[in-house]
Amino acid sequence: MASTVDSNIFSSVPALQSNLGILSPDQIELAKILLENGQSHLFQQWPQLGVDDKQKLDFFDQIARLNSSYPGGLAAYIKTAKELLADSKLGKNPYDGFSPSVPSGENLTFGTDNFIEMERKGVVEARNAAFVLVAGGLGERLGYNGIKVALPRETTTGTCFLQHYIESILALQEASNKIASDESQRDIPFIIMTSDDTHSRTLELLELNSYFGMKPTQVHLLKQEKVACLDDNDARLALDPHNKYSIQTKPHGHGDVHSLLYSSGLLHKWLDAGLKWVLFFQDTNGLLFNAIPASLGVSATKQYHVNSLAVPRKAKEAIGGITKLTHVDGRSMVINVEYNQLDPLLRASGFPDGDVNCETGFSPFPGNINQLILELGPYKDELQKTGGAIKEFVNPKYKDSTKTAFKSSTRLECMMQDYPKTLPPTARVGFTVMDIWLAYAPVKNNPEDAAKVPKGNPYHSATSGEMAIYRANSLILQKAGVKVEEPVKQVLNGQEVEVWSRITWKPKWGMIFSDIKKKVSGNCEVSQRSTMAIKGRNVFIEDLSLDGALIVDSIDEAEVKLGGLIKNNGWTMESVDYKDTSVPEEIRIRGFRFNKVEQLEKNFTQPGKFSVED
Ligand SMILES: O=c1ccn([C@@H]2O[C@H](COP(=O)(O)OP(=O)(O)O[C@H]3OC[C@@H](O)[C@H](O)[C@H]3O)[C@@H](O)[C@H]2O)c(=O)[nH]1
Ligand SMILES: [Mg+2]
């Protein structure tokens, strides 16, 4: 819409004023918003009319997008940014008035009767759940060039994270539908939040692989928009260093998932379909689904509106701490305090040592693994009030203590785990703590940074992420009665890790401990140098002694017994340096690759009963 052009405002920016002739009334309006909000620097390098006119219009296309995709538009974004940057410069404590204490929550120990009961309940509830994967992040700390969900979760089978997640959801769906009282078949919805950095590659990965067995109608991609980067404390928008007609943008954070879900209309649809839970999870935790059934069982039992999954946390580890915050006015909430804020908060509130371990060797605050289980009804009600808006923050990396310049541009962010901040005190907000070995092994750090992690703290690298799968599977089988040999220590990409037998299985083989126990019997043993990949559903391990490599696949209608002594030269592990660019990136970031010397590989494609014995 045309508006009266305030000639004064433009006359102070001649480079823009001389170009007004090519702009539409809407674009002139946007230009005005920019100037009124301190953004005249954006036009400083603009040449005269007739030069680069197409790029100038592109610039305004981008401004229009940035303006319309943020509630309240760019003016609101810049205003909030100025406030938050000023607070940050002053070192203002965002938790002013609150004092932290250690909250109490549900503790689950793998394999106990309670754990098994929670898993059973979780499977019953699974068909009432929708799963939401937030996968719009750049993975800056990992520095991998592809999308993180395409990385192999482990390289024994090469199954990528996304495939594993989908197969886990499908396995839960099937198990849950089977025991449903009304015998109806429900497809569990699976939502993936993407961004411009990940969207097309995520879609391509799904399409090239037939959605890994899921119905395409079951999967929804929601793309988050990025926000403008900021160059200084005055919230001047940052220009792309390579293109003076483009604003640099970065993701706004995983908190966008709430407003996207709200505006997608999916929540209503799910409620109408009788769903009860929404489970949120992150891109590269290969152990996550070990924890999902039991934690969903906890949500159902305790009727939690919000259930955050947690693990014991090492002080200064880059995971948020679940904290009880009590305000001087009496209010209190149980909330994640992000890892960069926990230490200052503690120091400011009577804990002079800040973020340190207690006598247990861990931080007293449970570590947030950012898997949230929300009860759908109260969640939808809350979003109806907030529109899905989440409290934002800014985290600039300053050049020096004057806090006047940034090392690189910053932006406003929001986090999905801040959702409970707006909830009324009556909301049932809880958390569930599980063993780290069982539940959390993300792939976030590049090899160089991982090697610098303080001793005793987790590496969170591709190396540790894969080794954690083998350790968890080995420990689970040990608890099911298999003698899995103890691990050896090895240094890979500068990180000392425990190398256990390379044991993997498909989710449909065993989702919960009671299923796994049914698949294992007699006297079984697996040597440390062994590799075992179970890809079929009805594969039973009975009196098996494995010393080498064994790969078994089978159709559901085949019942396969693995037993006797199976011995061969197996697969050896060869060290690979992460700097060796002759090796594919997804391998070299692990620091090893398999040399497949010899294996027993069996594939059963016909119905019937079979046994594999050497
Ligand atoms: O804009 C974004 C940013 C991130 N993400 C996704 O959000 C997930 C988490 O991102 P990061 O790995 O960068 O998260 P961080 O490691 O910084 O911290 C996160 O995980 C560990 C927890 O303890 C922290 O509390 C949590 O914030 C990823 O799956 C990522 O793809 C988005 O979808 N959009
Ligand atoms: Mg991050």
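All figures in this text were calculated on a predicted structure; none of them were measured in a lab.

Criteria and thresholds
- Residues numbered from 1 in each chain as written.
- Chains lettered and ligands numbered in written order.
- Predicted model: local features only at pLDDT ≥ 70, side-chain atom pairs only at ≥ 80, totals over all residues.
- Heavy atoms only, no water.
- Helix = DSSP H or I, 4+ residues; strand = E, 2+ residues; numbered from the N terminus.
- Polar contact = N/O pair within 3.5 Å; in protein donor to acceptor, adjacent residues only side chain to side chain.
- Contact = heavy atoms within 4.5 Å.
- Near = heavy atom within 4 Å.
- Areas by Shrake-Rupley, 256 points an atom, 1.4 Å probe, with all protein chains shown as cover.
- Nonpolar A, V, L, I, M, F, W, Y, C, P; charged D, E, K, R; others polar.
- Salt bridge = Lys/Arg side-chain N within 4 Å of Asp/Glu carboxyl O.
- Buried < 20%, exposed > 50% of the residue type's maximum accessible area, 1.4 Å probe, protein only.
- pLDDT = per-residue confidence, 0-100.
- Pairing = 2+ DSSP bridges.
- Axes fitted to C-alpha atoms, helices over the stretch in contact; angles between N-to-C directions.
- Right-handed = clockwise from strand over helix to strand, strands pointing away.

A. Fine view of the side chain of Thr198. Of note, Thr198 is situated in the loop between β4 (190-194) and α8 (199-208). For Thr198, the side chain forms a polar contact with the main-chain oxygen of Ala135, separated by 2.9 Å. Excluding residues within four positions of it along the chain, Thr198 makes contact with Ala135, Gly136, Gly137 and Ile147.

B. Fine view of the site of ligand 1. Taken together, 23 residues lie around ligand 1, and Arg141, Gln224, Glu338, Tyr339 and Asn368 are the ones closest in. The side chain of Gln224 places a nitrogen or oxygen atom 2.5 Å from a nitrogen atom of ligand 1. In this structure, an oxygen atom belonging to ligand 1 sits 3.4 Å away from a side-chain N or O atom of His254. Computed on the free molecule, ligand 1 has an accessible area of 670 Å², of which 89% lies beneath the protein chains in the complex. For the shell around ligand 1, a count of residues per class yields 7 nonpolar, 12 polar and 4 charged.

C. Summary view of the pattern of salt bridges. By the definition in use, this model includes 32 salt bridges. Close ionic contact of Lys223 with Asp196 constitutes a salt bridge, the shortest N to O distance being 2.8 Å. Of this pair, Lys223 sits in strand β5 (residues 219-223) while Asp196 sits in the loop between β4 and α8, and the two are 27 residues apart along the sequence. Lys223 sits in the partly exposed class, given a relative accessible area of 28%. Across the salt bridge formed by Lys609 and Glu559, the nearest N and O atoms sit 3.8 Å from each other. With Lys609 in strand β33 (residues 608-612) and Glu559 in strand β29 (residues 558-567), this residue pair connects regions lying 50 residues apart in the sequence. Among the residues examined, Glu559 registers a relative accessible area of 35% and is labelled partly exposed.

D. Local environment of helix α9 (residues 256-264). For α9, the set of buried residues is Asp256, Val257, His258, Leu260 and Leu261. Looking at the residues trailing α9, positive phi occurs at Gly265, about 80°.

E. Inspection of the confidence of the model for the chain at higher detail. Counting all residues, the mean pLDDT for the chain is 95, and 99% of those residues have values of 70 or more. Interface confidence for the predicted complex, expressed as ipTM, amounts to 0.98; the pTM equals 0.92.

F. Structural detail: the side chain of Glu167. With respect to the element layout, Glu167 can be found in helix α7 (residues 161-178). Not counting residues within four places of it along the chain, the set of residues in contact with Glu167 comprises Phe212, Lys506 and Pro507.

G. A look at the sheet that holds strand β28 (residues 549-554). Within the open sheet, the 4 strands sit side by side as β23-β26-β28-β32. Their pairing is parallel. Only two strands of the sheet have a single neighbouring strand rather than two, namely β23 (502-505) and β32 (600-604). Recorded for the sheet is a direction-independent mean angle of 5° between the axes of neighbouring strands. Both β28 and β32 contribute to a ladder of 5 bridges, which runs parallel. Bridge pairing in β32 places Asp553 opposite Asn603. In this fold helix α16 (residues 462-479) packs onto β23 and β26 (531-534), with an angle of close to 80° to the strand it touches most, β23.

H. Main features of the pairing of β5. With 5 bridges connecting them, β4 and β5 associate as parallel partners. Each bridged residue has a counterpart across the sheet, and for Met193 the counterpart in β5 is Leu222. Crossover handedness for the path β4 to α8 to β5: right-handed.

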